Amino acid sequence: MKKLKQTMEYLKSLEKISVAENIHDIWSYICYSPKMPLRHHQEQLIELASKNKLTVKDEFFCGHLLSFPVFRWGAGKDIVLLTHGWGSKAADFSILIEQLLENPDLTIIAFDAPGNGEAEGELSNLILYIEAVQAIITAYGMPAITIGHSLGAMANVAALAHIKHEPTWIISLTPLVNLKANFAASMDYVNVPRDVQEHFFHNFEEKFNMKIAYFHLNSLYTFPNSQQHLLLYDKEDKIAPYDYLQSYLEDHPQIEAINLNAVGHEKILRSPEAIALILEKVKTLQSEK
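On a predicted model such as this, the values are computed, not experimentally measured, just so you know.

What follows deals with the overall build of the protein chain. Summing up its helical and strand segments, the protein chain has 11 helices and 8 strands in all. Its C-alpha atoms give the protein chain a radius of gyration of 19 Å, within 12% of the compact-globule value 19 Å for 289 residues. Burial analysis of the protein chain (289 residues in total) assigns 56% to the buried set. For the protein chain, long-range pairs separated by at least 24 residues make up 75% of all intrachain contacts whose partners lie at least 6 apart in sequence. Here the protein chain displays about 13200 Å² of accessible surface, and carbon together with sulfur accounts for 50% of that area. Positive and negative side-chain charges of the protein chain, numbering 25 and 35 respectively, have mean locations separated by a distance of 2 Å.

A word on the nonpolar core. Counting 70 residues, the largest nonpolar core has Phe68, Phe111, Leu126, Phe183, Phe200 and Tyr248 as its most contacted members. If one sorts the elements of this core by residue count, helix H5 (residues 126-140) sits on top with 10 residues. Grouped together as the second largest cluster of nonpolar side chains are 34 residues, Ile46, Leu100, Leu230 and Val282 included.

An order of S1-S2-S4-S3-S5-S6-S7-S8 is seen for the 8 strands of this open sheet, with the pairing classed as mixed. A strand with exactly one partner marks an edge of an open sheet, and here the two such strands are strand S1 (50-57) and strand S8 (256-259). Taking the axes of each pair of neighbouring strands and ignoring which way they run, one obtains an average angle of 20 degrees across the sheet. Across 4 bridges, the pairing between strand S3 (residues 78-83) and strand S5 (residues 145-149) is parallel. Following the sheet pairing, Leu82 is matched in S5 by Ile147. Its contacts with the sheet place helix H3 (residues 40-48) against S1 and strand S2 (65-73), and it is angled at close to 85 degrees to S2.

Side chains carrying opposite charge are able to pair once their charged atoms draw close together. All chains considered together, the criterion is met by 6 salt bridges. Put simply, Arg194 and Asp188 hold a salt bridge, and the shortest N to O gap is 3.1 Å. A residue is classified by how much of its surface remains accessible, and Asp188, at 32% relative accessible area, is partly exposed. Close ionic contact of Lys211 with Glu205 constitutes a salt bridge, the shortest N to O distance being 3.8 Å. Residue Lys211 is classed as exposed on the basis of its relative accessible area, which comes to 59%.

The buried count for S5 comes to 5 of 5 residues, which makes it a mostly enclosed element. Residues Ile145, Ile147 and His149 line one face of S5 and the alternating positions Thr146 and Gly148 line the opposite face, and both faces are buried. Inspection of the sheet shows S5 paired to strand S6 (residues 169-173) by 5 bridges, in the parallel sense. When the sheet's bridge partners are listed, Ile145 is paired in S6 with Trp169. Each parallel crossover has a hand, and the one from S5 via helix H6 (residues 151-163) to S6 is right-handed.

Here we take up the packing of aromatic side chains. All told, the structure shown has 20 aromatic pairs when counted by the stated rule. Consider the rings of Trp27 and Phe204, whose centres lie 5.9 Å apart with planes at 0 degrees: the pair is stacked. One end of the pair, Trp27, is in helix H2 (residues 19-31); the other, Phe204, is in helix H8 (residues 194-208), and 177 residues separate them in sequence. Seen in terms of ring centroids, Phe71 and Trp73 are 6.4 Å apart; in terms of plane orientation they differ by 35 degrees. Their pairing is tilted. When sorted by exposure, Phe71 lands in the same class as Trp73, which is buried. Through pairs of rings, three or more aromatic residues link up here, namely Trp27, Phe60, Phe61, Phe183, Phe200, Phe201, Phe204, Phe208, Tyr214 and Phe215. Between Lys12 and the ring centre of Tyr189, over which it is positioned, the NZ or CZ distance is 3.9 Å. Stacked on the ring of Trp27, the Lys or Arg Lys207 has its end atom at 5.3 Å from the ring centre.

Rules used throughout
Residues numbered from 1 in each chain as written. Predicted model: local features only at pLDDT ≥ 70, side-chain atom pairs only at ≥ 80, totals over all residues. Heavy atoms only, no water. Helix = DSSP H or I, 4+ residues; strand = E, 2+ residues; numbered from the N terminus. Rg over C-alpha atoms; globule rule 2.2 N^0.38 Å. Buried < 20%, exposed > 50% of the residue type's maximum accessible area, 1.4 Å probe, protein only. Contact = heavy atoms within 4.5 Å. Areas by Shrake-Rupley, 256 points an atom, 1.4 Å probe, with all protein chains shown as cover. Lys, Arg positive; Asp, Glu negative; His and termini not counted. Charge placed at Lys NZ, Arg CZ, Asp CG, Glu CD. Core = buried A, V, L, I, M, F, W, Y, C linked by side-chain atoms within 4.5 Å. Pairing = 2+ DSSP bridges. Axes fitted to C-alpha atoms, helices over the stretch in contact; angles between N-to-C directions. Salt bridge = Lys/Arg side-chain N within 4 Å of Asp/Glu carboxyl O. Right-handed = clockwise from strand over helix to strand, strands pointing away. Phe/Tyr/Trp six-rings, centres within 6.5 Å; stacked < 30°, edge-to-face > 60°. Lys NZ or Arg CZ within 6 Å of the ring centre and 35° of its normal.

Shown next, in the form of structure tokens:
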């Protein structure tokens, strides 16, 4: 977190932000994911997990393989895969994981995405999240349920669509919808001029060799209407604004979307109401067999 704050303060302090002088600073600001230490109860939960390491190649920043930790609890037949959000980690699902552990039919898998938590990587991006999800599915098998928070919800959708897997439930918690808009808001916050922002987006498309419009849930979501999808959101969410989400839900009316008003973008992971709704869907695994 200290490094991110320093970058933000530096960019805010400049009289003029230019492409020539500051494009590297902007990349560091946008793609650096702050790392927060584990709390005591999170450490205890991680100690109970079976641990493994997988790797993905970072094609866009460092150019080499990055290892990331995978944590597994339980040995049931149904896999529940948890994908955290930006600046987060597997253990931030601790309250939900503790509840899921009461179901002996589940194998619960969570991980620290590259550039987050205890994983390798100085910078991160959605592609690394997606590839990490796909690496886990290759190693452990198809999940019955995926649960993603924020950027992790977008990563789950993209990874599942890419491998054409339709789990029993996709569960998305305060998902990011439009990465370009989120990037623009972040750059506005540190007073990056619009012309410099446009250069950043052009540079982004060159680096990733794809249009930034791809990084939008409407582009990524290719599931049939029969796909069961629970989406929990907060109309007052400032990080994933409802204005972005509204058009996505209008395009996909089959999604079961529930507004948990004022629950908060991050606090949804600790919300008793959200956890109860998730557990309700998990119980359907037994009834659908």
